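What the coordinates show
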Amino acid sequence: MDIIDSIILGIIQGLTEFLPVSSSGHLELGKAILGDESIPKESLLFTVVLHFATALSTIVVFRKDIWSILKGILKFQWNDDLKFASKIVVSMLPAAIIGYTYESELAELFGGNIKLVGFMLILTALLLYLADKAKDTSKNISFKNAVVIGFAQAIAMLPGISRSGATISTSVLLGNDKTKAARFSFLMVVPLIFGKIAKDIIGGELTYDSGNFMSLSIGFIAAFVSGLFACTWMISLVKKSKLIYFSIYCVIVGLIAIYIASK
């Protein structure tokens with residue numbers, strides 16, 4: 001892989017991890033339009049490095065929140081910080097269980113099923129539209145909400161469903177504060193990313209070639225920097241009820257996908 005490919009893939013990962021447009025859906029569309037051979041077949045290590053970069057960008061953006069949560073947990077009291085951390089854990093369970101149980105079945109959905117991607121993008125658009133129109137409140141996310149949001153994250157494993165779009169929209173539609181919804185959505189995925197990385201390392205699935213060091217480094221930097229931008233921008237957009245633009249975009253891309261699949 002050359003440097004340009006690394007930069008492009010890093011930027012795509014950094015942006016689509018946070019913007020509600022479905023990175024998996026766009027990858028499947030790219031394969032269909034350009035052909036499988038036109039897209040570099042990336043190693044698992046490169047994919048893990050990019051996800052690690054976006055997880056770190058989340059930690060940087062929410063560093064004050066995370067530090068406050070950690071200090072609260074270390075007090076070993078049932079305080080607001082420990083409650084929030086517990087909600088994060090609860091929200092992780094549906095995706096972790098479903099992802100582990102149906103790993104092979106989910107992988108089969110990423111075989112160029114463009115029509116599925118199209119319909120799922122339109123579903124994402126609908127969720128974003130409804131969330132955009134929802135009234136803002138000051139309500140905090142409850143444990144019951146965390147479970148429902150967790151299932152939304154699990155459903156987002158389907159190609160074409162945006163993880164951030166599904167989780168933020170679900171949280172807002174449950175009546176939660178929009179800024180808090182975005183904060184929860186971005187923080188809840190960090191443990192899952194690190195958990196997946198740990199699983200791959202322990203399972204011995206990662207292989208390293210020193211000749212790829214430059215590509216890995218450039219990809220990491222591109223994903224990290226674009227992730228910082230996208231995460232910060234997305235929080236502002238949710239707060240200002242600007243999700244409608246992404247809703248329109250997802251509808252257009254979804255219809256294009258269905259058209260391509262029907263030819």
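Given the structure is predicted, the values throughout are model-derived calculations rather than measurements. (Residues numbered from 1 in each chain as written. Predicted model: local features only at pLDDT ≥ 70, side-chain atom pairs only at ≥ 80, totals over all residues. Heavy atoms only, no water.)

A few words now on the nonpolar core. Within the largest apolar cluster, 39 residues are counted, with the highest numbers of intra-cluster contacts made by Leu29, Ile88, Ile168, Phe184, Phe186 and Met234. Mapped onto this core, the elements with two or more residues apiece are α5 (80–101), α7 (114–133), α8 (143–155), α9 (163–173), α10 (178–202), α11 (213–239) and α12 (244–262). Ignoring any residue separated from it by four or fewer positions in sequence, one finds Met234 in contact with Phe18, Leu19, Pro20, Ile168, Phe186 and Leu243. Membership of the second largest hydrophobic core comes to 7 residues, among which are Phe46, Val49, Leu50 and Ala53. (Core = buried A, V, L, I, M, F, W, Y, C linked by side-chain atoms within 4.5 Å. Buried < 20%, exposed > 50% of the residue type's maximum accessible area, 1.4 Å probe, protein only. Helix = DSSP H or I, 4+ residues; strand = E, 2+ residues; numbered from the N terminus. Contact = heavy atoms within 4.5 Å.)

Attention now goes to the pattern of salt bridges. Scanning the model with the defined rule gives 2 salt bridges in all. For the salt bridge of Glu17 with Arg163, the shortest nitrogen-to-oxygen distance reads 4.0 Å. Linking Glu17 in the loop between α1 (3–16) and α2 (23–34) with Arg163 in helix α9, this pair joins segments that are 146 residues apart in sequence. Here Glu17 and Arg163 have matching classes, each one buried. The partner of Arg183 in a salt bridge is Asp65, and the shortest N-O contact between them spans 2.6 Å. (Salt bridge = Lys/Arg side-chain N within 4 Å of Asp/Glu carboxyl O.)

Evaluation of the coordinates by the stated rule reveals 9 aromatic pairs. Each ring, one from Phe229 and one from Trp233, has its centre 5.6 Å from the other, and the planes form 25°; the classification is stacked. Taken together, the residues span about one helical turn, with Phe229 and Trp233 both in helix α11 at a distance of 4 residues. Given a relative accessible area of 36%, Trp233 falls into the partly exposed group. Here Trp233 and Phe246 contribute two aromatic rings whose centre-to-centre distance is 6.0 Å and whose plane-to-plane angle is 70°, an arrangement assigned as edge-to-face. Remark: Phe246 occurs in helix α12 and Trp233 occurs in helix α11; sequence separation between them is 13 residues. The structure contains a cluster of three or more aromatic residues connected by ring pairs, namely Phe52, Phe194, Phe220 and Phe224. The positively charged end of Arg183 is found above the aromatic ring belonging to Phe84, 4.4 Å away from the centroid. (Phe/Tyr/Trp six-rings, centres within 6.5 Å; stacked < 30°, edge-to-face > 60°. Lys NZ or Arg CZ within 6 Å of the ring centre and 35° of its normal.)

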